[in-house]
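One-letter residues, chain by chain:
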Protein chains: 2
Amino acid sequence: MKRFQQNIRKVVPYVPGDQPDFPDMIKLNTNENPYPPAPEVQEVLAKSNAEQMRLYPDPTAHQLNAAIAEAYGVEEAQVFTGVGSDDVLAMIFQTFFNSDLPILFPDITYAFYPVWCDLFRIPYEVQPLNEKLEIVPEDYYKPNGGIVFPNPNAPTGIALPSAAIEEILQHNPESLVVVDEAYVDFGGETVLPLLKKYENLIMVQTFSKSRAMAGERIGFAIGSVELIKALHDVKYSFNSYTMNRSALDAGTAAVQNAAYLQETTARIVKTREHTKQVLAEMGFRFPDSKSNFLFVTHPDCDAHELFEALREAHIFVRWFDSPRIRNYLRITIGTDAQMESLFAFLRAYLKK
Amino acid sequence: MKRFQQNIRKVVPYVPGDQPDFPDMIKLNTNENPYPPAPEVQEVLAKSNAEQMRLYPDPTAHQLNAAIAEAYGVEEAQVFTGVGSDDVLAMIFQTFFNSDLPILFPDITYAFYPVWCDLFRIPYEVQPLNEKLEIVPEDYYKPNGGIVFPNPNAPTGIALPSAAIEEILQHNPESLVVVDEAYVDFGGETVLPLLKKYENLIMVQTFSKSRAMAGERIGFAIGSVELIKALHDVKYSFNSYTMNRSALDAGTAAVQNAAYLQETTARIVKTREHTKQVLAEMGFRFPDSKSNFLFVTHPDCDAHELFEALREAHIFVRWFDSPRIRNYLRITIGTDAQMESLFAFLRAYLKK
């Protein structure tokens, strides 16, 4: 082995998730929105001007940031956007988690938190969810280098009330608290109003779920002008041009249509609540999800076997090969028709 | 100051480059292509389907990688794509430059190399260009943790012949050699044929210059299957979804039209050669550029003053506040009409 081969960074080999592509498939595995983005997105895309593509995009993302600021009632200088919320969160980890104290996050949560810690050499300590798979706020009342959790949490779907988050903030005036609200539009309480009160709080959201734009890669953070400036400083210092013109234009169009967001998320919530009823009748158990997915288990079924059976029927859901949740499946809420197909499959499966 | 504020990563404050936007401006400051991308790009963009945007993009970028592989006569497994060549290069630094020995690159070169070294804590040692602003191959015949340089170099525009790069490779069988060919389509010799012979070589290119797609953010690397796999492993391990659907689709369309690439780069080369003549007649001196820009100095002019005067006339070029090149301007090759406007300004300026 040559020296240049010895120097290759060692990582845990990772194969990108299943991207099944069958005409008849029911894709409930990556929490995508079953409805298209706001109609204005189609208009903007259709009007794309290739001539403009020869020019670099605006590195400050001014148009999009201003539109987000307007939609959320904050200043433009309080908004940071990136290539999906993964990019935004990674930038937050890198910018703010530079303490010798461990950062804290739940044991069952978004899988990339420990990955970014390893990548940026950030010490961390996971806080186990309780037996109901809930975050225990008191676990976060101890010295730490920062706190991050999704709300609602993934893959459980359980939301913390704002009051509980405020308690965490009050116990941590010296720590940065990052609330990852990827799924908040489906029924969680946003920390947006708390931003005025807590200078150590950052809210992160994405266009991939409630705004149905996973394919465009747009995420954003809102926080104090000081914190957002720090994010921009770090970002600009090593890569000025990240979001492309298409994402900036389509994102701006999407965020301006608040009515459409309300309408489609309400539709998904309605389907979710109906799905809860049906699955409960079949004997499934699940936490009370406030997101666009359910995290289900069944006393008479092995989750992995069910996962495989669903897959053979071209119904794709998510199974996690992880100790405490090995007997759970995460099922994205699709259209009513998709859920009916799922129910039909499950009824037949459970009768076997 | 609170602890969370003390923990903010310290970076050299950086303000993104001038993004002037005047209707009458002549923008020759960021080496963009004056011509639009291939006509197929417009077709693909106009046909964008917003409905598809609700789905995540293909994390393996299969369609685009296959098209690049086809265009360059390599296997798909030899191709890695990213969000602009900045993303690709940063990933290469992170994946391969993990030695205690310093990596080597020129003192006058792409400004982000030292930035990524600082970011990823990679030791480096710059090798001064000679007094003609040329890379001296012999400077790279010493123990190192890797080698990276642009060819043609930026901002000088000077190209190394393939034979000189092969000498560097022969003296460095244990080191990874990264050749950043952002500008190669304007007259440089690509290392593509050398890839068959040297397993320690990686070629990096971009769609931002010769393919006129800076606004889409697409870059790529070609190397051995082993090296490209290592890049994919690192990338997937911390961010699976980076390039959006628009970039994947438009990039595929662009790379399939080789004739258009040839035609527009030939047109730019013709304008460049004419520009050389005219500027030489005015007394400007410059290295013999093989790129889409000229790096010029004039014995009777202060470069920064000229830069400011051009700017006031809404002609934007690039000046670097850097020791050895403070009296130079980098001028992108625009259309013939744009260059004529530049010439007219310069003639009047020099007569003052």
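Residues numbered from 1 in each chain as written. Chains lettered and ligands numbered in written order. Predicted model: local features only at pLDDT ≥ 70, side-chain atom pairs only at ≥ 80, totals over all residues. Heavy atoms only, no water.

Quick word on the UniProt feature "domain: Aminotransferase class I/classII large" (unreviewed entry) in chain A
In step 1: UniProt feature "domain: Aminotransferase class I/classII large" (unreviewed entry): in the numbering of this structure it lies at residues 24–343 of chain A.
In step 2: End C-alpha atoms of residues 24–343 of chain A are separated by 16 Å, and the span's content is 37% helix alongside 14% strand. (UniProt positions renumbered as here; feature names shortened; annotations may be inferred. Helix = DSSP H or I, 4+ residues; strand = E, 2+ residues; numbered from the N terminus.)

What about unusual backbone geometry?
In step 1: The step from Asn 151 of chain A to Pro 152 of chain A runs through a cis peptide bond, and the omega angle for that step is -5°.
In step 2: Locating Pro 152 of chain A in the fold gives a position in the loop between strand S5 (147–150) and helix H6 (162–170).
In step 3: Even without glycine at this site, Ala 212 of chain A takes up a positive phi of about 60°.
In step 4: Note on Ala 212 of chain A: relative accessible area 1%, which makes it buried.
In step 5: Phi angles above zero are rare outside glycine, and His 314 of chain B is one such case at about 60°.
In step 6: Note that His 314 of chain B resides in the loop between helix H10 (303–312) and strand S10 (315–316). (Buried < 20%, exposed > 50% of the residue type's maximum accessible area, 1.4 Å probe, protein only.)

Quick notes on the UniProt feature "modified residue: N6-(pyridoxal phosphate)lysine" (unreviewed entry) in chain A
In step 1: Summarizing the sequence annotation, UniProt attributes the feature "modified residue: N6-(pyridoxal phosphate)lysine" (unreviewed entry) to Lys 209 of chain A in the numbering used throughout.
In step 2: With respect to the helices, strands and loops of the structure, Lys 209 of chain A is situated in the loop between strand S7 (201–206) and strand S8 (219–222).
In step 3: Look at Lys 209 of chain A and you get buried, because its relative accessible area is 6%.
In step 4: In this view, Lys 209 of chain A contacts Thr 30, Asn 31, Asn 33, Ala 182, Tyr 183, Phe 186 and Asn 292 of chain A together with Tyr 56 of chain B; residues no more than four positions away in its chain are not counted. (Contact = heavy atoms within 4.5 Å.)

Some remarks on the packing of aromatic side chains
In step 1: Scanning the model with the defined rule gives 40 aromatic pairs over all chains in all.
In step 2: For the pair Tyr 183 of chain B and Phe 293 of chain B, a centre-to-centre distance of 4.9 Å together with 85° between the ring planes defines the contact as edge-to-face. Of the two residues, Tyr 183 of chain B sits in the loop between strand S6 (177–180) and strand S7 (201–206) while Phe 293 of chain B sits in strand S9 (residues 293–296), which places them 110 residues apart along the sequence. Phe 293 of chain B matches Tyr 183 of chain B in its accessibility class, with the two residues each being buried.
In step 3: An aromatic cluster is built from Phe 93, Phe 97, Phe 105, Tyr 110, Phe 112, Tyr 113, Trp 116 and Tyr 124 of chain A, whose rings are joined through pairwise contacts.
In step 4: Here the guanidinium or amino end of Arg 267 of chain B rests over the ring plane of Tyr 35 of chain B, the centre of that ring lying 4.1 Å away.
In step 5: One cation-aromatic arrangement involves Arg 330 of chain B over Phe 293 of chain B; the distance from NZ or CZ to the ring centre is 5.8 Å. (Phe/Tyr/Trp six-rings, centres within 6.5 Å; stacked < 30°, edge-to-face > 60°. Lys NZ or Arg CZ within 6 Å of the ring centre and 35° of its normal.)

Description of the sheet that holds strand S9 (residues 293–296) of chain A
In step 1: In spatial order, the strands read S9-S12-S11 (chain A); together these three strands make up an open sheet with antiparallel pairing. Edge positions in the sheet fall to S9 and strand S11 (318–319) of chain A, since each has one partner strand and no second. (Pairing = 2+ DSSP bridges.)

Brief notes about the interface of chain A and chain B
In step 1: Counting residues at the interface gives 80 residues for chain A, matched by 81 residues for chain B.
In step 2: Area buried by chain A at its contact with chain B is led by Phe 4, Arg 54 and Tyr 56 of chain A, which between them contribute 11% of it.
In step 3: The tally of links from chain A across to chain B stands at two salt bridges.
In step 4: The shortest N-O distance in the salt bridge between Glu 199 of chain B and Lys 2 of chain A comes to 3.6 Å.
In step 5: Counting the contacts that link chain A with chain B gives 40 residue pairs in polar contact (both at pLDDT 80 or more).
In step 6: At the level of secondary structure, the elements contributing two or more residues to the side of chain A that touches chain B comprise helix H1 (3–6), helix H2 (39–46), helix H4 (84–96), helix H5 (112–120), helix H7 (225–238) and helix H8 (245–255) of chain A.
In step 7: Sort the elements by how many residues they give to the side of chain A that touches chain B and H7 of chain A lands first, with eight residues.
In step 8: Of the residues contributing to the side of chain A that touches chain B, the split by class is 39 nonpolar, 24 polar and 17 charged. (Buried area = accessible area lost by both parts, 1.4 Å probe. Salt bridge = Lys/Arg side-chain N within 4 Å of Asp/Glu carboxyl O. Polar contact = N/O pair within 3.5 Å; in protein donor to acceptor, adjacent residues only side chain to side chain. Nonpolar A, V, L, I, M, F, W, Y, C, P; charged D, E, K, R; others polar.)

Focus: the domain arrangement of chain A
All names here are of chain A.
In step 1: Annotation of chain A at the domain level lists domain 1 (18–37 + 259–351) and domain 2 (39–46 + 53–256).
In step 2: Look at where the C-alpha atoms of domain 1 and domain 2 centre, and you get two points 26 Å apart.
In step 3: Both sides of the domain 1 and domain 2 interface together cover about 2,000 Å² of buried area, and 65% of this is carbon and sulfur.
In step 4: It is Pro 37, Lys 290 and Arg 324 in domain 1 that bury the most area against domain 2; as a group they hold 31% of the surface buried on that side.
In step 5: Run the count over domain 1 and domain 2 and you get one salt bridge.
In step 6: Residues Arg 324 and Asp 107 are paired through a salt bridge, measuring 2.7 Å at the closest nitrogen-oxygen approach.
In step 7: For the pair domain 1 and domain 2, the interface holds nine residue pairs in polar contact (both at pLDDT 80 or more). (Domains from an automatic or database assignment.)

Some thoughts on the relation of the copies chain A and chain B
In step 1: For the pair chain A and chain B, the best superposition has an RMSD of 0.0 Å and corresponds to a rotation of 180° with a translation of 0.0 Å parallel to the axis. Taken together, the turn and the small shift mark the pair as related by a two-fold rotation axis. No C-alpha of chain A approaches the rotation axis more nearly than that of Ala 46 of chain A, which lies at 2.3 Å. (Least-squares fit on C-alpha atoms with pLDDT ≥ 70 in both.)

Regarding the pairing of strand S8 (residues 219–222) of chain B
Put simply, side chains in a regular strand alternate between the two faces of the sheet.
Residues and elements named next belong to chain B.
In step 1: Where burial is concerned, the two faces of S8 agree: the one with Gly 219 and Ala 221 and the one with Phe 220 and Ile 222 are both buried.
In step 2: Pairing analysis gives four bridges linking strand S2 (residues 79–82) to S8, with the strands arranged antiparallel. Directly across from Phe 80, in S8, lies its bridge partner Ala 221.
In step 3: Where S7 and S8 come together, four bridges link them in antiparallel fashion. Its bridge partner lying in S8, Val 204 is registered against Ala 221.

Some remarks on helix H8 (residues 245–255) of chain B
In step 1: Burial analysis of H8 of chain B places 10 of its 11 residues in the buried class, the great majority of the element.
In step 2: By the burial criterion, the buried members of H8 of chain B are Arg 245, Ser 246, Ala 247, Leu 248, Ala 250, Gly 251, Thr 252, Ala 253, Ala 254 and Val 255 of chain B.
In step 3: Check the buried side of H8 of chain B and you find it contacts H8 of chain A together with helix H2 (39–46), helix H3 (62–72) and helix H9 (258–281) of chain B.

Quick word on the packing of helix H9 (residues 258–281) of chain A against helix H11 (residues 336–351) of chain A
Residue and element names in this part refer to chain A.
In step 1: The N-to-C vectors of H9 and H11 enclose an angle of 10°; their axes lie 11 Å apart at closest approach. Taken as axis vectors, H9 and H11 run roughly parallel relative to one another. Along the contact surface, H9 presents Thr 271, His 274, Thr 275, Val 278 and Leu 279, while H11 presents Asp 336, Met 339, Glu 340, Phe 343, Leu 346 and Arg 347.
In step 2: Taken together, the residues of the contact of H9 with H11 sort by class into five nonpolar, three polar and three charged. (Axes fitted to C-alpha atoms, helices over the stretch in contact; angles between N-to-C directions. Parallel < 35°, antiparallel > 145°, perpendicular 65-115°, else oblique.)

Things to note about the packing of helix H4 (residues 84–96) of chain B against helix H7 (residues 225–238) of chain B
Residue and element names in this part refer to chain B.
In step 1: Between H4 and H7, the shortest axis-to-axis distance is 10 Å and the interhelical angle comes to 100°. Compared by their axis directions, H4 and H7 come out roughly perpendicular. Only Leu 227, Ala 230, Leu 231, Val 234, Lys 235 and Phe 238 of H7 make contact with H4, whose side of the interface consists of Met 91, Ile 92, Gln 94, Thr 95 and Phe 96.
In step 2: Classifying every residue of the contact of H4 with H7 by side-chain character gives eight nonpolar, two polar and one charged.

A closer look at the pattern of salt bridges
In step 1: Using the criterion set out here, one finds 24 salt bridges over all chains in the structure.
In step 2: Of the charged contacts, one joins Lys 142 of chain B and Glu 125 of chain B as a salt bridge, the two residues approaching to 3.3 Å between their closest N and O atoms. Pair noted here: Lys 142 of chain B is in the loop between strand S4 (124–127) and strand S5 (147–150) and Glu 125 of chain B is in strand S4, with a separation of 17 residues, a long-range link.
In step 3: Under the relative-accessibility criterion, Lys 142 of chain B is labelled partly exposed at 32%.
In step 4: The closest approach of N and O atoms between Arg 311 of chain B and Glu 308 of chain B, which form a salt bridge, is 3.7 Å. Note that Arg 311 of chain B and Glu 308 of chain B are positioned in helix H10 at a spacing of three residues, about one turn of the helix.
In step 5: By relative accessible area, Arg 311 of chain B is classed as partly exposed at 32%.
In step 6: Its relative accessible area of 32% is what places Glu 308 of chain B among the partly exposed residues.
In step 7: One salt-bridge network, in which partners are shared between bridges, spans Arg 272, Glu 273, Lys 276 and Asp 288 of chain A.

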